[in-house]
Structures are given as C-alpha cells and as structure tokens.
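Okay, here's what each chain looks like letter by letter:
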Amino acid sequence: MMEHSEIMELLPAYVDQELGIAETLTVQRHLDTCPECQREYVEQLALSKRIRTETAYFKAPPDLATRIADALPQDKPHRISLPGFPARWNLGWLQVGTAMATLLVAVWSAGLYLNLPTAEERLTEEAISNHVRSLQADHLTDVASTDQHTVKPWFNGKLNFSPTVIDLAPQGFVLEGGRLDYLDGHPVAALIYRRQKHPINLYIWPASGKDAGPQAGSSRGYHVVRWTADEMNYWAVSDVAENELLKFSGILRLATHQ
C-alpha cells in the first residue's frame with residue numbers, strides 16, 4: 001500500500017490520466033477514503049481545466065515597432081512604395097517584417113483557438129475516460145446493490161446533494177449499485193445500470209442552467225446521452241447501442257417525474 005504522501009505526489013499524473021492501471025486503481029481506492037486527497041484532487045483538476053481553457057496573451061503596444069526601429073542602427077531605411085496608396089502608407093523593411101510577423105502570429109493563434117475542444121467536448125471525453133477507467137480498474141461500484149433504498153442512502157454525507165435512484169429492472173435496465181466519482185472538477189454520483197452485458201455509468205450532479213432535452217454524442221466507440229432536469233445534470237455513458245442509451249434516458253426521465 002502506498003503512503004499518503006506518495007498518493008499526493010501521484011495526483012498531478014492522475015489528473016492528467018498518465019498513470020498505469022495499477023497505480024490508477026491504487027489512487028482511486030485512496031481517494032474513496034481520504035477527504036484531504038479528495039479536496040486536493042478537485043483543486044488540481046480545476047487548475048488543469050483552467051490551464052487548458054484560458055489562453056494568456058500579451059498585446060504589444062502600438063508604438064513597439066517604432067521604438068524597435070529607432071533602436072536599430074540604420075542610415076537610410078529602404079522604403080517600399082505602394083502604388084495607388086498615399087505616401088504616408090509607404091513602409092520600411094522593418095515595418096513590413098513586423099507586419100508580416102504579426103499576421104503570421106495572428107493566423108497561428110486563430111488556428112490554435114479554432115482547434116481547441118469546446119467545454120462540452122472536454123466533458124464528454126472526461127466522462128468517457130471515467131467510464132473506461134471504472135471498467136479497467138474493476139471499480140464499477142462502491143456500494144453494490146440492486147435495491148435503490150440501499151444505494152441512495154449510501155451517498156448521504158459524501159455529496160452535498162441527494163441523487164435520484166430508481167430501479168429500472170422491469171424495463172430491462174438493472175441497477176447494480178453506485179460509487180463516488182469526479183467530473184468537471186467536482187464530486188458526482190455515479191449510478192451503474194446494466195443492459196444485458198453492457199454497463200451504463202449514469203453521472204449526476206447539480207446543474208446551474210435550465211432544463212434541456214437529451215442530446216446524444218459518441219467518441220472512441222462509446223455513446224453519451226446527456227440532459228438536464230429538475231436542476232440536475234445527467235450524463236449516461238456506455239458502449240451499448242445509441243438507441244438503447246436513448247431509450248434508457250427516456251425511461252429514466254419519465255420515471256423521475258412520476
């Protein structure tokens with residue numbers, strides 16, 4: 001077993017998903033029982049998210065090109081005449097070079113910005129990674145039970161909200177238990193259902209926006225269906241067929257409003 005200090009040293013690599021399966025499993029088990037490491041994990045995850053999403057830049061002052069030109073030794077700067085334009089628009093080589101460099105930097109920055117994943121894309125990838133990790137580490141459940149009255153109370157004191165837990169076995173989606181997980185920088189409830197041989201991770205946490213109907217997506221061979229209802233976010237992840245996952249979300253949404 002690793003010491004508490006060793007786990008703390010591994011947290012940055014755990015946040016960046018750089019650990020092997022054995023180390024990942026060890027860190028996850030430690031997080032389940034250590035509030036201090038849970039808090040540190042949430043803080044590091046939030047910091048990592050800010051670093052990925054907030055691009056710092058520095059805008060050069062308007063007179064920078066002039067000050068550079070004045071500092072360089074040159075007798076008579078060669079000027080480029082632009083036919084059809086006023087004389088004051090004629091440029092020196094230094095100004096042309098500066099303008100071209102600025103243009104290239106702007107194009108490069110725009111390309112980077114356009115290639116950055118959206119917040120929903122990042123959250124989708126994180127949810128899928130959590131789903132895959134729960135299967136690889138054989139850590140689907142912290143509380144294993146098909147009884148919703150056993151699973152729901154287990155979350156008491158572990159989260160600042162109470163997730164809705166519904167038994168959907170009659171509809172073909174068997175409740176297997178629940179666990180505490182981390183998504184989008186904060187703890188979330190993970191309920192595990194099974195459709196035949198396909199496990200479904202249902203992540204639940206408080207929402208700040210309005211209710212929204214189901215939206216489906218996929219990545220790396222996994223399907224994701226997300227929706228918002230009654231001030232809660234619901235994200236279902238599985239390798240089950242997309243129509244089955246949409247069916248699951250429909251049954252669950254209907255059941256929570258009965």
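So, here is what we can say about the structure in this document. Treat the numbers as computed from the prediction; the structure is a model and nothing was measured.

1. Thoughts on the overall build of the protein chain
The helix and strand tally for the protein chain stands at eight helices and nine strands. Among the 258 residues that make up the protein chain, the fraction classed as buried is 36%. Counted over contacts in the protein chain with a minimum sequence separation of 6, partners at least 24 positions apart contribute 57%. About 15,600 Å² of surface is accessible on the protein chain, with carbon and sulfur atoms providing 56% of the total.

2. Observations regarding helix α8 (residues 242-256)
Given a rise of 1.5 Å per residue, 15 residues ought to cover 21 Å, and the 21 Å separating the end C-alpha atoms of α8 matches this to within 8%. Of the residues making up α8, those classed as buried are Leu245, Phe248, Ser249, Ile251 and Leu252. Relative to the axis of α8, the buried residues are bounded by an arc of 165° and lie together on one face. Pointing more than 90 degrees away from the buried face of α8 are the exposed residues Asn243 and Leu254. Summarising the contacts, the buried residues of α8 are in contact with β5 (186-195), β6 (198-206), β7 (212-219), β8 (222-229) and β9 (232-238).

3. So, the side chain of histidine 30
Turning to its location among the elements, histidine 30 is positioned in helix α2 (residues 21-33). Reaching out from histidine 30, the side chain makes a polar contact with the side chain of histidine 4 at a distance of 3.4 Å. The contacts of histidine 30, once residues within four sequence positions are left out, are His4, Ile7 and Cys37.

4. A short note on the sheet that holds strand β3 (residues 143-144)
Hydrogen bonds between backbone groups are what pair the strands of a sheet, and the pairing can be parallel or antiparallel. With antiparallel pairing, the seven strands of this open sheet are ordered in space as β3-β4-β5-β6-β9-β8-β7. With partners counted over all chains shown, the strands left at the sheet margins are β3 and β7, one partner each. Two strands pair when backbone bridges link them, and β6 and β9 are joined in this way by six bridges, in the antiparallel orientation. Pairing of proline 206 across the sheet is with methionine 232, part of β9. On top of the sheet, helix α6 (residues 119-136) reaches β4 (174-183), β6, β7, β8 and β9; it is set at about 125° to β4, its chief contact.

5. Description of empty space enclosed by the protein
Applying the stated criterion to the full structure yields one cavity of 30 Å³ or more. In this structure, the largest cavity occupies an estimated 120 Å³ of space. What lines the largest cavity is a set of 13 residues, among which Tyr14, Gln28, His139, Leu180 and Asp181 lie closest to the centre. Those elements that provide at least two residues to the lining of the largest cavity are α2, α6 and β4. Ranked by the residues each element gives to the lining of the largest cavity, the list is headed by β4, at four residues. When the residues that make up the lining of the largest cavity are grouped by side-chain class, the tally is five nonpolar, four polar and four charged.

6. Focus on the environment of threonine 124
Residue position: threonine 124 is located in helix α6. Exposure remark for threonine 124: the relative accessible area of 13% places this residue in the buried category. Remark: the alpha-carbon pair of threonine 124 and tryptophan 235, spanning 111 residues in sequence, is separated by 8.8 Å.

Definitions and limits used
Residues numbered from 1 in each chain as written. Predicted model: local features only at pLDDT ≥ 70, side-chain atom pairs only at ≥ 80, totals over all residues. Heavy atoms only, no water. Helix = DSSP H or I, 4+ residues; strand = E, 2+ residues; numbered from the N terminus. Buried < 20%, exposed > 50% of the residue type's maximum accessible area, 1.4 Å probe, protein only. Contact = heavy atoms within 4.5 Å. Areas by Shrake-Rupley, 256 points an atom, 1.4 Å probe, with all protein chains shown as cover. Expected span 1.5 Å × (residues − 1). Arc of directions from axis to C-beta. Polar contact = N/O pair within 3.5 Å; in protein donor to acceptor, adjacent residues only side chain to side chain. Pairing = 2+ DSSP bridges. Axes fitted to C-alpha atoms, helices over the stretch in contact; angles between N-to-C directions. 1 Å grid on protein atoms, 1.4 Å probe; cavity = no way out; pocket = protein on both sides within 12 Å on 5 of 7 lines; lining within 4 Å. Points joined across faces, edges and corners; volume = space filled by probe spheres on them. Nonpolar A, V, L, I, M, F, W, Y, C, P; charged D, E, K, R; others polar.

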